[in-house]
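Inside the fold
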Amino acid sequence: MINKELKLYNTLTNKKEKFEPINKDRVGMYVCGPTVYGEAHLGHARSAITFDIVFRTLKYLGYNVRYVRNFTDVGHLVNDADSGDDKVEKQASKENKEPQEVAQYYEAKYLWAMDNLNCLRPSIQPLASGHIIEQIDLVKALLDKGLAYISEGSVYFDVEKYDKTVKPYGILSHRTLENTKDNSRTLSGQEEKHNPFDFALWKKAPKEHIMKWQSPWSEGFPGWHLECSAMSRKYLGQEFDIHGGGMDLIFPHHDCEIAQSVGAYGNMPAKYWLHNNMITIEGRKMGKSYNNFITITEMFSGEHHLLQKAYNPMTIRFFMLMAHYRSTLDFSNDALIAAEKGLNRLFEAKDKINSLPESKESSFDAKKLIDDTINAVLDDFNTPIAIATLFEIAKHINSVMDKKETITKEDKDFLQTNFNDIIDNILGLKNDNKGNNEDVIKGLMSLVLDMRKHARENKDYQTSDQIRDALQELGIEIKDSKDGAQWRLNK
RNA sequence: GGUCUCUUGACCGAGUGGCUAGGUGCCGGUCUGCAAAACCGUUUACUCCAGUUCGAAUCUGGGAGAGACCUCCA
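Residues numbered from 1 in each chain as written. Chains lettered and ligands numbered in written order. Predicted model: local features only at pLDDT ≥ 70, side-chain atom pairs only at ≥ 80, totals over all residues. Heavy atoms only, no water.

**What to know about the domain arrangement of chain A**
Selection rule: Domains are outlined according to an automatic or database domain assignment. Here's the idea: put two parts together, see how much 1.4 Å probe accessible area each one loses, and the total over both is what we call buried area. By convention in these notes, a salt bridge is any Lys or Arg side-chain nitrogen within 4 Å of a carboxyl oxygen on Asp or Glu. Identification of polar contacts relies on pairs of N or O atoms within 3.5 Å, with a donor-acceptor requirement for protein atoms, meaning one able to donate a hydrogen and the other able to accept it, and with residues adjacent in sequence counted only if both atoms are side-chain atoms. Helix numbering and strand numbering both begin at the N terminus, where a helix is a DSSP run of H or I of at least 4 residues and a strand a DSSP run of E of at least 2. Any residue outside Ala, Val, Leu, Ile, Met, Phe, Trp, Tyr, Cys, Pro, Asp, Glu, Lys and Arg is labelled polar, Gly included; the first ten of those are nonpolar and the last four are charged.
Under the domain assignment, chain A is made up of domain 1 (7-276), domain 2 (281-426) and domain 3 (437-489). Counting the surface lost from both domain 1 and domain 2, the interface buries some 3200 Å², and carbon and sulfur atoms represent 66% of this. Of all residues in domain 1, Leu42, Arg46 and Tyr60 bury the most surface against domain 2, accounting for 24% of the area lost on that side. Counting across the domain 1 and domain 2 interface gives three salt bridges. With its nearest N and O atoms 2.7 Å apart, the salt bridge here joins Asp52 to Arg317. On inspection of domain 1 and its partner domain 2, the count reaches 15 residue pairs in polar contact (both at pLDDT 80 or more). Listed by contribution, the elements that provide at least two residues to the side of domain 1 that touches domain 2 are β1 (7-10), α1 (42-60), α4 (99-116) and β11 (270-276). Classifying every residue of the side of domain 1 that touches domain 2 by side-chain character gives 18 nonpolar, nine polar and eight charged.

**Some details on the packing of aromatic side chains**
Note the following rule: Aromatic pairs are defined between Phe, Tyr and Trp rings, using the six-membered ring for Trp, whenever the two ring centres lie within 6.5 Å; interplanar angles under 30 degrees are classed as stacked, those over 60 as edge-to-face, and all others as tilted. Exposed residues in this analysis have more than 50% of their type's maximum accessible area, buried residues have under 20%, and partly exposed residues fall in between, with area computed by a 1.4 Å probe over protein chains only.
Overall, the coordinates contain 13 aromatic pairs when judged by the stated rule. Between the aromatic rings of Trp112 and Phe300, the centroid separation amounts to 5.5 Å while the plane-to-plane angle is 70°, which identifies the pairing as edge-to-face. Residue Trp112 is found in helix α4, and its partner Phe300 is found in helix α10 (residues 296-301); the two are separated by 188 residues along the sequence. In this structure Trp112 comes out as partly exposed when scored by relative accessible area, which is 39%. Aromatic pair Tyr169 and Phe251: ring centres 6.2 Å apart, planes at 70°, arrangement edge-to-face. Taken together, the residues span a long stretch of sequence, with Tyr169 in the loop between α6 (159-165) and α7 (177-183) and Phe251 in helix α9 (residues 250-265) at a distance of 82 residues. By relative accessible area, which is 3% here, Tyr169 ends up buried. Chaining the aromatic ring pairs together yields one cluster made of Phe19, Tyr63 and Tyr272.

**A closer look at the confidence of the model for chain A**
As a reminder of what qualifies: Each residue gets a pLDDT score, which is the predictor's confidence in that residue and runs from 0 to 100. In this analysis, two residues are considered to be in contact whenever any of their non-hydrogen atoms come within 4.5 Å of each other.
Across chain A, the average pLDDT comes to 91, with 95% of residues at or above 70. The model gives residues 79-83 a pLDDT under 50, and that stretch makes eight contacts with residues more than four places away or in other chains.

**Topic: the sheet that holds strand β14 (residues 329-331)**
Rules: Any two strands with at least two DSSP bridges between them are considered paired.
A sheet is described by the order of its strands in space; here three strands give the open sequence β13-β12-β14, paired in mixed fashion. Of all the strands in the sheet, the pair left with one neighbour each is β13 (284-285) and β14. Of the strand pairs in this sheet, strand β12 (residues 279-281) and β13 are connected by two bridges, and their pairing is antiparallel. Bridged to Ile281 within β13 is Arg284.

**Considerations on the sheet that holds strand β4 (residues 64-69)**
By definition, the strands of a sheet pair up through backbone hydrogen bonds, in either a parallel or an antiparallel sense. Let me state the cut-off plainly: Inter-axis angles, ranging from 0 to 180 degrees, are taken between N-to-C directions of lines fitted to C-alpha atoms, where helices are fitted over the stretch in contact.
With parallel pairing, the four strands of this open sheet are ordered in space as β4-β3-β10-β11. Among the strands making up the open sheet, the edge pair consists of β4 and β11. Neighbour-to-neighbour, the strand axes of this sheet turn through a mean angle of 20°, independent of strand direction. In this structure, strand β10 (residues 240-246) lies alongside β11, joined through six bridges in parallel fashion. Note on β11: the bridge partner recorded for His243 is Trp273.

Next up, the structure:
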């Protein structure tokens, strides 16, 4: 264990707090994952990257972390109670596929994208559809406590009763029930509910609904917030350390989760609630509902009208880490390009450490700079400060290389270990600038063949033969024809 | 309408009551046959108004603008 203090901003208290795990060296973290009815976009990436940093930092500190992130493949209603449609199912009928088919497809795509962004896979990635029994049990527990009621085959959470008899509703978003009452929209089809702000725990499925399960109340499906309460409890226990997600989940999602868990089991599910801010695009939140999102696939390929070019995964990751996770981050090509160049500079410095000339003395305090970097990360995951400090170190590395500064062997070894450790393991930035080799080879070949053609036109057969022979050595066969030269790689 | 947040230089983006954040760009330099790359140096700043203070971009009050949540949402 590394004996350093980690501070994190707790939405519950609106304060930065010292992290003290419930168990000495084990940490449980639950993060709300995506609803798998569409492709992952930059917003999903931000959330995944944010909590990847949390995960990596905790591991760096020596904690044994169990990181749980769910896939929501069922149960999120499109439009409150009035339609009863399920997002996954709706998408399925649109694509003429089985709901499970759609969910699995997007689940795989999501994982592919996050793997590329070098996000470590969570320890457990449960599916909502695989935990119907646990969710039914939770509904039962709430009914037993009298905090839920049955209406027309559906079960609703009695928010008012909970608020009066158990705990104030809305403690995470810091709003009062009075406040919520005043502002709840009156939606159609809510006659089943006692109050408009009550939320569904179990919904009776309309006959055309495909995704449905047997329950004591009706053939139906679980309510919007239930899965996270049920699954976090199953894998992390009744009380765990960190619960995370996007800021847009604070209300109602996380407040409902709290109400369900506290109502059923008596205690707060998590101690620390962490929320990442949104990615914006032209000042607006990026999201499906605004139809202004860029998928990660599009980022990698550059095929989107707002993209000037393709961006590689590490550029995207670095771009996100250059802003603090609790600030909104505005998407722009300029910022991405700036990130790309900056990251390369950092990688170049990293590669140089090994070949630095050693001296008797160091002209700068490597230990302090590394300390500053780590302390920045430990101060509520302040990656922008950490990165700024890494750039400072990079500048020193370059200066030593230019013989304007000096470094001892000891400091050099220290940097080699720690600079790399921070970049590789804490920030999770890896230098895999392999790029698209095929395009490069094609370009190179047309260039080489062009030069050979010129040589032949000038009757410089010595050069043209030299090119052909050298290519032959590399396993590239040249075939001259009337229409020019063709080539083939014999491997 | 209610609750809350934000407003920093050409762009992105940190931050603290007093000391140049950092990146990208621009400009200058080193290097170079020329160029590019690389490296070094430099430059422009805190939405407006009033107040507290020896001193505020940072605290307080007010104005303007933007955004988030209040409905599924990372």
